[in-house]
Amino acid sequence: MDLSVNYMGLKLKNPIIVGSSGLTNSVEKVRNLEKEGAGAVVLKSLFEEQLLMEQEKSNDQNEFDYPEAMDYMKAYAAEYSYSDFIQLIKGAKAAVNIPVIASVNCVSMGKWTDFAKKIEEAGADALELNISLLPSDMYKTSAQNEKTYFDIIEAVRKQINIPIALKMSHYSAGLAHLISQLSFTKMVDAFVLFNRYYAPDINIEDYSITSAGVLSHRENLSDSLRWVALLSEKIKIPIAASTGVHEGEDVIKQLLAGATVVQVVSTLYKNGISHLAKILQETQDWMAKKGYQNIEEFRGEISYDRFNEPEAFERIQFMKYFGGFE
Ligand SMILES: Cc1cc2nc3c(=O)[nH]c(=O)nc-3n(C[C@H](O)[C@H](O)[C@H](O)COP(=O)(O)O)c2cc1C
């Protein structure tokens, strides 16, 4: 059975990518992920702020765009610096045969984009840009927020020739339009839907803000499943489904919705990296049961493209499931 896929020009032996996280922050870990069957890895992200710090060091300047974050960033950078990041790309490329995708977490188009070239030179097969925009600024319109995506992509594209995957959030009043416009730029080679944000909670005893949980649950799958199903046939660019993929069944659902690949993180934190083999086996078993020889035979089978009016489809489903619930 052939599980191979073509993800933005990269040949993957199967569609399961280990997403950017602490699971991919060392050469040793990446080597073990390859052994367990990962189709590709996205290395732990370097933050835009770290790249800015690196530049200011070399320019001998002390200015920093986010002074309040300086102390935290210094401590963070001591743990995982720009040079660690470059070494990780080089080391991982030398150690494994699967594609190695580097990752930068960014929020603005700034001087940091000059560093993109170094990522390509270090040998990364592609760059995933995690553009972490939270549209929380009362003085910014949606158009201004959305422009940031285009500005960053354009600046990075000028620097590199390797494929660029754009990891984004679902926060947009015109998400389908935004993704389609980004796809028309021809500067984005894949979309990663979606990033998982820090989930806030409140401790009612000491009034502090806490984390609602770092790891996702299977119930979190439906958000990306909806958007993959809505967009996969309409945009001509591969989609990596991310968030809530925990078992083989979830992989199959995302492929049926039209994803080209999936990314997994939380499930490996919960179940250990040997869980990759189980997910792959479940995917293969289902394909064998249904008589499929390769993924293209069923990918996109359940995308919403068959419905001329997806919003009407969603509305009817809402009425059906919620309207009659007593
Ligand atoms: C512990 C942890 C660390 C993460 N670090 C990063 C990171 O450095 N860069 C990034 O783009 N995403 C990061 N993520 C987000 C994951 O790549 C992924 O998008 C998210 O966890 C949703 O996938 P999941 O449901 O399979 O966990 C991290 C997630 C976790 C749980």
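A. Region of interest: the environment of arginine 196. You can see arginine 196 is positioned in the loop between strand E9 (190-193) and strand E10 (200-202). Note on arginine 196: relative accessible area 32%, which makes it partly exposed. Every residue in contact with arginine 196, bar those within four places of it in the chain, is listed here: Gly213, Val214, Leu215, Ser216, Asn220 and Thr243. Engagement of the side chain of arginine 196 in a polar contact is seen with the backbone oxygen of valine 214, the distance being 3.0 Å. A polar contact of 3.0 Å, which involves the side chain of arginine 196, links it to the backbone oxygen of leucine 215.

B. Spotlight on the pattern of salt bridges. All told, the structure shown has 13 salt bridges when counted by the stated rule. Salt-bridge contacts for lysine 167 lead to glutamate 128; the nearest nitrogen and oxygen are separated by 4.0 Å. Taken together, the positions of lysine 167 in strand E8 (residues 164-168) and glutamate 128 in strand E7 (residues 126-131) put the pair 39 residues apart, joining distant regions of the chain. In terms of burial, lysine 167 and glutamate 128 fall into one category: buried. We note a salt bridge from glutamate 249 to arginine 218, for which the minimum N-O separation is 3.5 Å. In this pair, glutamate 249 is assigned in helix H9 (residues 248-257) and arginine 218 in the loop between strand E11 (209-211) and helix H8 (221-231), connecting sequence segments 31 residues apart. By relative accessible area, glutamate 249 is classed as partly exposed at 45%.

C. Broad picture of the site of the ligand. The full set close to the ligand counts 17 residues, and Ser20, Ser45, Asn130, Ser216 and Ser266 are the nearest of them. Contacts to the ligand include serine 45, whose side-chain N or O atom sits 2.5 Å from a nitrogen atom. Protein chains bury 87% of the 600 Å² of accessible surface belonging to the ligand in isolation. Class assignment for the residues of the shell around the ligand results in 5 nonpolar, 9 polar and 3 charged.

D. A look at the packing of H9 against helix H11 (residues 275-290). Orientation of H9 relative to H11, taken along the N-to-C sense of each, is 55°, at an axis distance of 7 Å. Judged by the inter-axis angle, H9 sits oblique to H11. The handedness of the crossing between H9 and H11 is right-handed. On H11, the residues touching Gly248, Glu249, Val251, Ile252 and Leu256 of H9 are Ile279, Glu282, Thr283 and Trp286. Within the contact of H9 with H11, the residues separate by chemical class into 5 nonpolar, 2 polar and 2 charged.

Cut-off values and rules
Residues numbered from 1 in each chain as written. Predicted model: local features only at pLDDT ≥ 70, side-chain atom pairs only at ≥ 80, totals over all residues. Heavy atoms only, no water. Helix = DSSP H or I, 4+ residues; strand = E, 2+ residues; numbered from the N terminus. Buried < 20%, exposed > 50% of the residue type's maximum accessible area, 1.4 Å probe, protein only. Contact = heavy atoms within 4.5 Å. Polar contact = N/O pair within 3.5 Å; in protein donor to acceptor, adjacent residues only side chain to side chain. Salt bridge = Lys/Arg side-chain N within 4 Å of Asp/Glu carboxyl O. Near = heavy atom within 4 Å. Areas by Shrake-Rupley, 256 points an atom, 1.4 Å probe, with all protein chains shown as cover. Nonpolar A, V, L, I, M, F, W, Y, C, P; charged D, E, K, R; others polar. Axes fitted to C-alpha atoms, helices over the stretch in contact; angles between N-to-C directions. Parallel < 35°, antiparallel > 145°, perpendicular 65-115°, else oblique. Left-handed = near helix turned anticlockwise from the far one by under 90°.

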